[in-house]
Amino acid sequence: MANFCTISRAKPKAGYAATAIEKIKTLSEFSKANGAIHADVGAVQTGLNAGSILLLQFFERMADIETVYDKMPTQPVYEELFSTGNMELTGRGIARVLHREAGSSVDAKYMVLTKFSSETEMLDEAKKVMGIFMANGALSCGYATIGAGHSVGDRLMGVRYPSLDAIQKAYEAAREDADYKSALSNAEVHFRNVLRLA
């Protein structure tokens, strides 16, 4: 079971994004072979970091994060990405996973990643909101609190979808739901970005 998630954000140089995604997918496979339970690669489609690439890695233990991050910089593909000026690492954080829901085995094409702050953990509210999304087209989702990096203490919700149309339908349903409205009234949303998963 994944208890932790690391999120690394990098900006590719102009014209290098497609190559970078393939190479970061290689790093995601390396991480799964060395302790990560799962990994996602996605290109940010919206917001201030549009054009950046995210690598989300999921781990059972912090020791597994250490193992992967000790070994990863020695990989030739890592050196090609970050020692040549092809990519600039612009952020990395670690979040504690509080809840996950898995549904369909259909491959997700998009992820909506929402970051917000709240006075309380809001786990019960998050479960209700994720239930709304799952009932209206989402494939899987997770909820976490950021524990290291920028925005420590903020909440993070990631929801996977098969299409942009599914995202639209899920949010149309959510906007009419009292639980969703209540949760939003107790949170300050910092961003809601769409990732195109690779």
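A short tour of the structure in this document, coming up. The structure displayed is predicted, hence computed values, not measured ones. (Residues numbered from 1 in each chain as written. Predicted model: local features only at pLDDT ≥ 70, side-chain atom pairs only at ≥ 80, totals over all residues. Heavy atoms only, no water.)

**Thoughts on the nonpolar core**
By size, the foremost hydrophobic cluster in this structure holds 24 residues, and its most contacted members are F133, M157 and Y161. Of the residues forming this core, the biggest block, 6 residues, is contributed by helix α4 (residues 123-135). Contact partners of M157, with chain neighbours within four places excluded, come to V112, L113, T114, A126, V129, M130, F133, G142 and Y143. Membership of the second largest hydrophobic core comes to 23 residues, among which are F30, A36, I53 and L55. (Core = buried A, V, L, I, M, F, W, Y, C linked by side-chain atoms within 4.5 Å. Buried < 20%, exposed > 50% of the residue type's maximum accessible area, 1.4 Å probe, protein only. Helix = DSSP H or I, 4+ residues; strand = E, 2+ residues; numbered from the N terminus. Contact = heavy atoms within 4.5 Å.)

**Here's the deal with the sheet that holds strand β1 (residues 4-12)**
Pairing in this closed barrel of 8 strands is antiparallel, and the strands run β1-β3-β2-β8-β5-β7-β6-β4 around the ring. Strand-to-strand, the axes of this sheet are offset by a mean angle of 35°, without reference to chain direction. With 6 bridges joining them, strand β6 (residues 140-148) and strand β7 (residues 155-161) adopt antiparallel strand pairing. By the bridge assignment, S140 is partnered in β7 with R160. (Pairing = 2+ DSSP bridges. Axes fitted to C-alpha atoms, helices over the stretch in contact; angles between N-to-C directions.)

**Observations concerning the pairing of strand β3 (residues 53-59)**
Counting buried positions over the 7 residues of β3 gives 7, a clear majority of the element. Burial along β3 is two-sided: the face carrying I53, L55, Q57 and F59 and the face carrying L54, L56 and F58 are both buried. In terms of strand pairing, β1 meets β3 through 7 bridges, oriented antiparallel. Counted as the bridge partner of T6 is Q57 from β3. As paired elements, strand β2 (residues 38-44) and β3 share 6 bridges and run antiparallel to each other. Looking at the pairing, G42 lines up with L54 of β3.

**Details of helix α1 (residues 17-33)**
Taking 1.5 Å per residue as the helical rise, α1 with its 17 residues ought to reach 24 Å, and the 24 Å between its terminal C-alpha atoms agrees with that figure. Taken as a whole, α1 has its buried residues at A20, I21, K23, I24, L27, S28, F30 and S31. Looking at the buried residues of α1, the elements they touch are β1, β2, β3, α2 (62-71), α3 (76-82) and β4 (87-102). Following α1 by one or two positions, G35 adopts a phi angle in the positive range, close to 135°. (Expected span 1.5 Å × (residues − 1).)

**So, the packing of aromatic side chains**
Inspection of every chain in the model, using the stated rule, returns 5 aromatic pairs. Centroid distance F133 to Y171: 4.9 Å. Interplanar angle 45°. Geometry classified as tilted. You can see F133 sitting in helix α4 and its partner Y171 sitting in helix α5 (residues 164-175), a full 38 residues away along the chain. This pair shows no difference in class: F133 is buried, exactly as Y171 is. (Phe/Tyr/Trp six-rings, centres within 6.5 Å; stacked < 30°, edge-to-face > 60°.)

**A look at the pattern of salt bridges**
Counted under the stated rule, the structure contains 7 salt bridges. We note a salt bridge from E22 to K25, for which the minimum N-O separation is 3.6 Å. Of this pair, E22 and K25 both sit in helix α1, 3 residues apart, which is roughly one turn of that helix. Of the charged contacts, one joins K115 and D154 as a salt bridge, the two residues approaching to 3.2 Å between their closest N and O atoms. Highlighted residues: K115 in strand β5 (residues 110-117) and D154 in the loop between β6 and β7, separated in sequence by 39 residues. One exposure class covers both K115 and D154, and it is buried. (Salt bridge = Lys/Arg side-chain N within 4 Å of Asp/Glu carboxyl O.)

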